[in-house]
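# Breakdown of the fold
Chain by chain, the residues:
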Amino acid sequence: MPYEYHCRACAAVSPDRHSRRDDAEDELVEHRRLVHGGLAPDGGDGVRAVHDQARGDGCLPSGSWLAALFLLAAVLSNCWGR
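Report follows, based on the coordinates. (Residues numbered from 1 in each chain as written. Predicted model: local features only at pLDDT ≥ 70, side-chain atom pairs only at ≥ 80, totals over all residues. Heavy atoms only, no water.)

### Considering the overall build of the protein chain
Secondary structure summary: the protein chain contains two helices and three strands in total. Across the 82 residues that make up the protein chain, the buried fraction comes to 21%. Contacts in the protein chain between residues far apart in sequence, at least 24 positions, make up 47% of those at least 6 positions apart. Entry remark: accessible area of the protein chain is about 6200 Å², with carbon and sulfur atoms responsible for 56%. (Helix = DSSP H or I, 4+ residues; strand = E, 2+ residues; numbered from the N terminus. Buried < 20%, exposed > 50% of the residue type's maximum accessible area, 1.4 Å probe, protein only. Contact = heavy atoms within 4.5 Å. Areas by Shrake-Rupley, 256 points an atom, 1.4 Å probe, with all protein chains shown as cover.)

### A few points about the side chain of Ser 14
Here Ser 14 shows up in the loop between strand 2 (12-13) and helix 1 (21-35). Looking at Ser 14, the relative accessible area reads 8%, which means it is buried. A polar atom in the side chain of Ser 14 sits 2.6 Å from the backbone nitrogen of Tyr 5. Ignoring sequence-local partners within four residues, the contact set of Ser 14 consists of Glu 4, Tyr 5 and Glu 27. (Polar contact = N/O pair within 3.5 Å; in protein donor to acceptor, adjacent residues only side chain to side chain.)

### What about unusual backbone geometry?
In this structure, Ala 11 is a non-glycine residue whose phi angle is positive, near 60°. Considering the arrangement of structural elements, one finds Ala 11 in the loop between strand 1 (3-7) and strand 2.

### Here we look at the pairing of strand 1
Along strand 1, four of the five residues are buried, which leaves the element largely enclosed by surrounding structure. The sheet contact formed by strand 1 and strand 3 (residues 45-49) spans five bridges and is antiparallel. Bridge pairing links Cys 7 to Asp 45 in strand 3. As paired strands, strand 1 and strand 2 are joined by two bridges and run antiparallel to one another. Bridging across to strand 2, Cys 7 finds its partner in Ala 12. (Pairing = 2+ DSSP bridges.)

### Focus: the sheet that holds strand 3
Whether parallel or antiparallel, the strands of a sheet pair through hydrogen bonds between backbone atoms. Spatial ordering of the open sheet is given by 2-1-3, a layout of three strands whose pairing is antiparallel. Each of the sheet's edge strands pairs with one partner strand only, and the pair in question is strand 2 and strand 3. Along the sheet, helix 1 contacts strand 1, strand 2 and strand 3; its crossing angle with strand 1, the most-contacted strand, is approximately 20°. (Axes fitted to C-alpha atoms, helices over the stretch in contact; angles between N-to-C directions.)

### Quick notes on helix 1
Here helix 1 is 15 residues long and its end C-alpha atoms lie 21 Å apart, about the 21 Å a rise of 1.5 Å per residue gives. Looking only at helix 1, the buried set comprises Ala 24, Leu 28 and His 31. The arc that holds the buried residues of helix 1, viewed along the axis, is 70°, so those residues lie on one side. Those residues of helix 1 that are exposed and aimed more than 90 degrees away from the buried face are Asp 26, Val 29, Arg 33 and Leu 34. Close packing links the buried residues of helix 1 with strand 1, strand 2 and strand 3. (Expected span 1.5 Å × (residues − 1). Arc of directions from axis to C-beta.)

As structure tokens, then:
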């Protein structure tokens, strides 16, 4: 699962998702140094795991899951039609 840095104080988000949590934490430290003078922002910040393959926040099924569901429905409707 990929990781990204998110700063709530200035609404900054990682431009890239990182495969390792340590890389996203390095970005956190660099952002604090450049933008907030090395201090943690008042609004809070952190590294969070994000969904990579699902759409949105992961509540909706991905496209391949929908295709498999459609194929199953097509096969079942063909069996019941006889």
